[in-house]
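Examination of the molecular architecture
One-letter residues, chain by chain:
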Amino acid sequence: MIRISIVTITYNAARTLQRTLDSVACQTYDDIEHLIIDGASKDETIAIAERYKVESHHEVVIQSEPDKGLYDAMNKGLQKATGDYLVFLNAGDTLYSPDTIETVVKHAKLPSLGEGHGVACIYGDTAITDSEGRFLHLRTHRPPERLTWKSFKQGMLVCHQAFYVLTALARQIPYDLQYRHSADVDWCIRVMQEAERQHLSLVNTHAILANFEEGGDTTQHHRDSLKERFSVMAHHYGRCQTLILHGWFILRAIARKFC
């Protein structure tokens, strides 16, 4: 049976955490490991997590200690996960429906030892919600039919919360802590590059897999995030091509505004 690790990073997340936990608790698929990696919260976050651990029929692991920020905590989750595949679902984000993990597992295929030909990443669409978890719209960037590491030239077409990665591969690629807001973009690109090198496939579920709360870290630090994303794209795709693409993004945004 395929085992899925869901990694939830928290810090003073008492307002939003329960919604995330409820979405995992109601999953119809049984073999789920839920890791809650907390940065030594000072509110009720840990108390909420501990109640959930007692009540959940899934395996729940809670770790709370100071960290160096979001991506340092994610690296801890990478090393602690024991599932065949993992996904990051942070406080406030939720799985789209009770059968989301079942949908993911149906598309999973573990590689044969030393032979490749397995599935490195399973991906899908993302719904944007308000602070109460109500549906607003689908994410502007939509997943392509065939995803490759070059796809992200057009932006982050697949949301982090809808990107399930083979754990054995993910562990080889820690988040780069030089990035404070966009290390997830860099990480996804590097994961897909390694998948290509190992002849592993990326599979589109053609389903909505996650709900993402509008106004997350990237939104709150929009300018810094954009600068970092430019640096990430320039690193992977070249500075000249990245400048040309960003010029096109700006022209397209202006055209949409006046249409």
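Residue indices follow the written sequence of each chain, beginning from 1 at its first position. Two thresholds apply to this predicted model, a pLDDT of at least 70 for residue-level local features and 80 or more for giving and counting side-chain atom pairs, whereas whole-chain, interface and lining totals are computed over all residues. To obtain the side-chain values, all non-hydrogen atoms of the structure were included, while hydrogens and water were left out.

**Side note on the pairing of strand 4 (residues 85–88)**
A regular strand places its side chains on the two faces of the sheet in alternate fashion. Put simply, the test is: For every residue, the accessible area obtained with a 1.4 Å probe (protein chains only) is divided by the maximum for its type, and the residue is called buried under 20%, exposed over 50%, and partly exposed between those limits. A run of H or I in DSSP becomes a helix once it reaches four residues, and a run of E becomes a strand once it reaches two; helices and strands are each numbered from the N terminus. Any two strands with at least two DSSP-identified bridges between them are counted as paired.
Residue alternation in strand 4 divides its side chains into two sets, Tyr 85 and Val 87 and Leu 86 and Phe 88, and both sets are buried. Where strand 1 (residues 4–10) meets strand 4, 4 bridges bridge the pair, whose relative direction is parallel. By the bridge assignment for strand 4, Ile 6 is matched with Val 87. As paired strands, strand 4 and strand 8 (residues 163–166) are joined by 2 bridges and run antiparallel to one another. Bridge pairing in strand 8 links Tyr 85 to Leu 166.

**Quick word on the nonpolar core**
The condition that has to hold: The criterion is simple. A nonpolar core is a set of buried Ala, Val, Leu, Ile, Met, Phe, Trp, Tyr and Cys residues joined through side-chain atoms within 4.5 Å. In what follows, residue pairs with any heavy atoms lying within 4.5 Å of each other are defined as contacts.
Ile 6, Ile 101, Phe 152, Phe 163, Tyr 164, Leu 169 and Trp 187 are the most contacted members of the largest nonpolar core, which totals 70 residues. Per element, the largest residue contribution to this core is 8 residues, and it comes from helix 6 (residues 183–197). If sequence neighbours within four positions are ignored, Tyr 164 has contacts with Ile 4, Tyr 85, Leu 86, Val 87, Leu 95, Thr 100, Ile 101, Val 104, Ala 120, Cys 121, Ile 122 and Leu 209.

**Observations regarding the pattern of salt bridges**
Side chains bearing opposite charge may pair, as long as their charged atoms lie close to each other. Note the threshold: The rule for a salt bridge is simple: a side-chain nitrogen of Lys or Arg has to be within 4 Å of a carboxyl oxygen of Asp or Glu.
For the coordinates displayed, the defined rule picks out 10 salt bridges. Among the salt bridges present, the one from Arg 190 reaches Asp 186, with a minimum N-O distance of 2.8 Å. In this pair, Arg 190 and Asp 186 are both assigned in helix 6, 4 residues apart and thus about one turn of the helix distant. A relative accessible area of 22% places Arg 190 in the partly exposed class. Using a relative accessible area of 3% as the deciding quantity, one classes Asp 186 as buried.

**Considering the packing of helix 1 (residues 17–25) against helix 2 (residues 45–55)**
Heads up, the rule is: A fitted line through C-alpha atoms represents every axis, and for helices the fit uses only the stretch in contact; the resulting angles, taken between N-to-C directions, go from 0 to 180 degrees. If an angle is under 35 degrees, it is roughly parallel; if it is over 145, roughly antiparallel; if it lies from 65 to 115, roughly perpendicular; otherwise it is oblique. In this scheme, a crossing is called left-handed if the near helix is turned counterclockwise away from the far one by less than a right angle; it is called right-handed if the turn is clockwise. Residue polarity follows a fixed list, in which Ala, Val, Leu, Ile, Met, Phe, Trp, Tyr, Cys and Pro are nonpolar, Asp, Glu, Lys and Arg are charged, and the others, Gly among them, are polar.
Between helix 1 and helix 2, the shortest axis-to-axis distance is 10 Å and the interhelical angle comes to 15°. The angle between helix 1 and helix 2 places the two elements in the roughly parallel class. Between helix 1 and helix 2 the crossing geometry is right-handed. Across the interface between the two elements, Leu 17, Gln 18, Leu 21, Val 24 and Ala 25 from helix 1 touch Thr 45, Ile 48, Ala 49 and Tyr 52 from helix 2. When its residues are assigned to classes, the contact of helix 1 with helix 2 shows 7 nonpolar, 2 polar and no charged.

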